[in-house]
Amino acid sequence: MKRLFIAIAIACSTLVMLQSCSTTKNASTGINGGRGTVTGTWVLNNIALEGLPDQAVQGLFGEKSYKCFQGSTWKLTNSGNGSYTLPASSTCGEVMQTIFWSATPAEETFQFKKIFEGDKAKNVTEGYRLVLTQLSKGNMVMKSPIEFGGKTANIVLTFSPATN
């Protein structure tokens, strides 16, 4: 009987050891590219609200209305410098804002901070963090999470590469 218990213990130990040595499997995140895939010029084609009524969103990234971002152009250089340009419309004036950005697709993050004239990126402590949910050469989707009604809601930003 004692030998049976020892044999079972050895078998279980072997299984645990083999399991711990097996290769890890990465979860599928929908992120197909690295930071270099984010680099380039993007156009914000669509803005959708998940779990938010339209009137609940007053502004986006410190600008008047999230609707002003529709059709905006985002230039993201490899150095982390960049800008976004909001198109002029009947309700929004044209705005060009310099930013400093970073992205870590493996962690599904995109973040940026506004840089005003005379600012240095290292001295700016406030910014915006978004969840990078899809990334490929032809598509980029980010979500800006917002607390609403005790739940997390999202402003969903869908980009496509700019055609030059």
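Given the structure is predicted, the values throughout are model-derived calculations rather than measurements.

Asks: How should I be thinking about the overall build of the protein in this particular structure?
Replies: Scanning the protein from terminus to terminus reveals 2 helices and 8 strands. Across the 164 residues in the protein, those meeting the buried criterion constitute 30%. Within the protein, contacts between residues at least 6 apart in sequence are counted, and of these 47% link residues at least 24 apart. Total accessible area on the protein is roughly 10,400 Å²; 54% of this is exposed by carbon and sulfur atoms.

Asks: Honestly, the state of the cysteines in this entry has me stumped. Any pointers?
Replies: Here a disulfide denotes a covalent bond joining the sulfur atom of one cysteine to the sulfur atom of another. Applying the stated criterion across every chain, the model contains 1 disulfide. Residue pairing for cysteine 68: its cysteine sulfur links by disulfide to cysteine 92, the two sulfurs lying 1.8 Å apart. Taking the sign of the S-S torsion, about -75 degrees here, the bridge from cysteine 68 to cysteine 92 comes out left-handed. Remark: cysteine 92 occurs in the loop between strand 3 (81-86) and strand 4 (95-104) and cysteine 68 occurs in the loop between strand 1 (40-50) and strand 2 (73-76); sequence separation between them is 24 residues.

Asks: Looking at this model, I keep getting lost on the packing of aromatic side chains. Mind explaining?
Replies: Centre distance and the angle of the planes are the two values used to describe a pair of aromatic rings. According to the stated counting rule, one finds 13 aromatic pairs in the structure shown. Ring centres 5.2 Å apart and planes at 70 degrees place the aromatic pair phenylalanine 61 and tyrosine 128 in the edge-to-face group. Taken together, the residues phenylalanine 61 in the loop between strand 1 and strand 2 and tyrosine 128 in strand 6 (residues 128-136) connect sequence positions 67 residues apart. Counting every residue linked through ring pairs, the aromatic cluster contains Phe61, Phe69, Trp74, Tyr84, Trp101, Phe110, Phe112, Tyr128 and Phe159.

Asks: When you look at the side chain of asparagine 154 in this model, what are you seeing that I'm missing?
Replies: Locating asparagine 154 in the fold gives a position in strand 8 (residues 151-161). Looking at asparagine 154, the relative accessible area reads 13%, which means it is buried. Each residue touching asparagine 154, except ones within four places of it in the same chain, is listed here: Ala48, Leu49, Glu50, Leu52, Lys143, Ser144 and Pro145.

Asks: Got a minute to help me understand unusual backbone geometry in this structure?
Replies: The bulk of non-glycine residues show a negative phi, and the bulk of peptide bonds are trans. The backbone phi angle of phenylalanine 61 is positive, close to 55 degrees, even though this residue is not glycine. In this structure phenylalanine 61 comes out as buried when scored by relative accessible area, which is 5%.

Asks: When you look at the nonpolar core in this model, what are you seeing that I'm missing?
Replies: When a protein is soluble and globular, its nonpolar side chains tend to lie buried together. Core analysis: the biggest nonpolar cluster contains 31 residues, and Val38, Phe69, Trp74, Phe110, Phe112 and Leu157 have the highest contact counts within it. Those elements giving two or more residues to this core turn out to be strand 1, strand 2, strand 3, strand 4, strand 5 (109-115), strand 6, strand 7 (139-148) and strand 8. At 4 residues, the largest contribution of residues to this core is made by strand 8. When residues no more than four places from it in sequence are discounted, the contact partners of leucine 157 are Leu44, Asn46, Ile47, Leu60, Phe61, Leu130, Met140, Val141 and Met142.

Rules behind the numbers
Residues numbered from 1 in each chain as written. Predicted model: local features only at pLDDT ≥ 70, side-chain atom pairs only at ≥ 80, totals over all residues. Heavy atoms only, no water. Helix = DSSP H or I, 4+ residues; strand = E, 2+ residues; numbered from the N terminus. Buried < 20%, exposed > 50% of the residue type's maximum accessible area, 1.4 Å probe, protein only. Contact = heavy atoms within 4.5 Å. Areas by Shrake-Rupley, 256 points an atom, 1.4 Å probe, with all protein chains shown as cover. Disulfide = S-S within 2.5 Å. Phe/Tyr/Trp six-rings, centres within 6.5 Å; stacked < 30°, edge-to-face > 60°. Core = buried A, V, L, I, M, F, W, Y, C linked by side-chain atoms within 4.5 Å.

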